[in-house]
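Now for the letters of each chain:
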Amino acid sequence: MDMNDVKKRGLVLLGCGKMGSAMLQGWLGQGLPAASVWILDPRPNDWVQGLVAEGLHLNTDLPDAPAIVLIAVKPQMMEQALPVLTPLGNGRTLFISVAAGKSLAFYEQALGADTPIIRAMPNTPAAISRGITALVGNGNTGDGELALADSLLQAVGQTVRLENEAQIDAVTGVSGSGPAYVFLMIEALAAAGVEQGLPADMAMQLAKATVSGAGQLAEAADEDPAQLRVNVTSPQGTTAAALEVLMDPETGLTPLMKRAVAASSDRSKELSK
Ligand SMILES: NC(=O)c1ccc[n+]([C@@H]2O[C@H](COP(=O)([O-])OP(=O)(O)OC[C@H]3O[C@@H](n4cnc5c(N)ncnc54)[C@H](O)[C@@H]3O)[C@@H](O)[C@H]2O)c1
């Protein structure tokens, strides 16, 4: 199965909110025709509704054996939303779920034990093709299915393959929820700038550009982030003064981040029960 099969047999999205739309935007941008896409969503956003004029099938009957079904509803809506897909289970259709905390076993039970299913955890920078998605398949998926999922998901950023399903809880804590931590960091840095006397607009511009520039440098540079940090830090200088606060072993960023990521990962595990 390859992208031509997806064009021919169709791609179905169950739920097309923030995550589904971000991914669909990437796929349409890579040349998938809107006419190859079926969306089931009781409250489609304006962008999705606009795609109907280009041939997208919105809340219509589904093809008999679409190549891919992407499941992108909230975990809390799953029990209600999934039954419509049961006729497509146990067949040639590859299911990819991005829902947090819904296990491969859950989908095998709902869709049939012979269904090929991939669990994926993307993040919202997918909207600008700068996402990262981790994926893991059930026993009915092989190299072909994983390669197709890789190439679909690479339309919206990088991918990594997990060694086992349990790792997805940690991925959810690091990169799935991670953009929210970074946005909070921007908010906090800007607020701290205001407290030091800067106008709010300027503080926000400085904070956004600093986080974005540092992120891009971390990805592009040969040095690791620890060395890049050292490169900013003059002995007894201003950065060293700040890092003394941020690197405190009890109250600094590392223990705080460990607690935050553990809370997210634990919630991911709870949702799978
Ligand atoms: N937003 C993120 O950062 C992110 C990251 C990784 C994974 N996810 C996962 O993606 C999934 C979707 O999250 P989101 O942020 O896009 O949520 P969202 O609320 O923006 O989108 C969910 C969509 O599902 C639709 N929906 C509700 N009931 C439905 C039903 N019965 N049938 C079909 N569609 C239905 C809603 O109308 C909405 O458009 C979640 O399972 C979440 O765990 C989200």
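What counts, and at which threshold
Residues numbered from 1 in each chain as written. Predicted model: local features only at pLDDT ≥ 70, side-chain atom pairs only at ≥ 80, totals over all residues. Heavy atoms only, no water. Near = heavy atom within 4 Å. Polar contact = N/O pair within 3.5 Å; in protein donor to acceptor, adjacent residues only side chain to side chain. Areas by Shrake-Rupley, 256 points an atom, 1.4 Å probe, with all protein chains shown as cover. 1 Å grid on protein atoms, 1.4 Å probe; cavity = no way out; pocket = protein on both sides within 12 Å on 5 of 7 lines; lining within 4 Å. Sits in = over half its atoms within 2 Å of the grid points. UniProt positions renumbered as here; feature names shortened; annotations may be inferred. Helix = DSSP H or I, 4+ residues; strand = E, 2+ residues; numbered from the N terminus. Pairing = 2+ DSSP bridges. Contact = heavy atoms within 4.5 Å. Phe/Tyr/Trp six-rings, centres within 6.5 Å; stacked < 30°, edge-to-face > 60°. Lys NZ or Arg CZ within 6 Å of the ring centre and 35° of its normal. Points joined across faces, edges and corners; volume = space filled by probe spheres on them. Nonpolar A, V, L, I, M, F, W, Y, C, P; charged D, E, K, R; others polar.

### Here's the deal with the site of the ligand
Step number 1: Among the 22 residues in the neighbourhood of the ligand, the closest are listed as Lys18, Met19, Asp41, Val73 and Ala100.
Step number 2: A distance of 2.8 Å is found between an oxygen atom of the ligand and a backbone nitrogen or oxygen belonging to methionine 19.
Step number 3: In the environment of the ligand, an oxygen atom lies 2.6 Å from a nitrogen or oxygen atom belonging to the side chain of aspartate 41.
Step number 4: Within the complex, the protein chains bury 84% of what would otherwise be the 830 Å² of accessible surface of the ligand.
Step number 5: A molecule is said to occupy a pocket when more than half its atoms come within 2 Å of that pocket's grid points, and by this definition the ligand occupies the second largest pocket.

### Some words on the UniProt feature "domain: Pyrroline-5-carboxylate reductase dimerisation" (unreviewed entry) in the protein
Step number 1: Under the feature "domain: Pyrroline-5-carboxylate reductase dimerisation" (unreviewed entry), the UniProt entry names residues 165–271.
Step number 2: Between the end C-alpha atoms of residues 165–271 there is a gap of 14 Å, over a span that is 79% helix and 0% strand.

### Things to note about the sheet that holds strand E3 (residues 57–58)
Step number 1: Read from one edge of the open sheet, eight strands run E3-E2-E1-E4-E5-E6-E7-E8, paired in mixed fashion. Among the strands making up the open sheet, the edge pair consists of E3 and strand E8 (157–161).

### Considering the UniProt feature "binding site: NADP(+)" (unreviewed entry) in the protein
Step number 1: Residues annotated in UniProt with the feature "binding site: NADP(+)" (unreviewed entry) correspond here to Leu14, Gly15, Cys16, Gly17, Lys18, Met19, Ala72, Val73, Lys74 and Pro75. These annotated residues cover 62 residues of sequence, and their C-alpha atoms all fall within 14.1 Å of one another, placing them together at a single site. Lining the second largest pocket, from the residues just named, are Leu14, Gly15, Cys16, Gly17, Lys18, Met19, Ala72, Val73, Lys74 and Pro75.
Step number 2: As for its position among the elements, leucine 14 is in strand E1 (residues 11–14).
Step number 3: Apart from residues lying up to four places away in sequence, leucine 14 is in contact with Leu40, Leu70, Ile71, Ala72, Val73, Ala81, Leu82, Val84 and Leu85.
Step number 4: Examined against the element boundaries, proline 75 turns out to sit in the loop between strand E4 (68–71) and helix H4 (78–81).

### Some points on the packing of aromatic side chains
Step number 1: One pass over the structure, following the stated rule, counts one aromatic pair.
Step number 2: Directly above the ring of phenylalanine 106 sits lysine 102, whose terminal nitrogen or CZ lies 4.5 Å from the centroid.

### Quick word on the layout of surface pockets
Rolled over the atoms, a probe with the dimensions of a water molecule shows which regions are left empty.
Step number 1: Looking at the second largest pocket, its volume works out to about 1,100 Å³.
Step number 2: Among the elements of the structure, helix H2 (18–29), H4, helix H7 (167–176), helix H8 (178–195) and helix H12 (253–271) are those that each provide at least two residues to the lining of the second largest pocket.
Step number 3: The element that contributes the greatest number of residues to the lining of the second largest pocket is H12, accounting for four residues.
Step number 4: Across the lining of the second largest pocket, the residue classes tally to 20 nonpolar, 13 polar and five charged.

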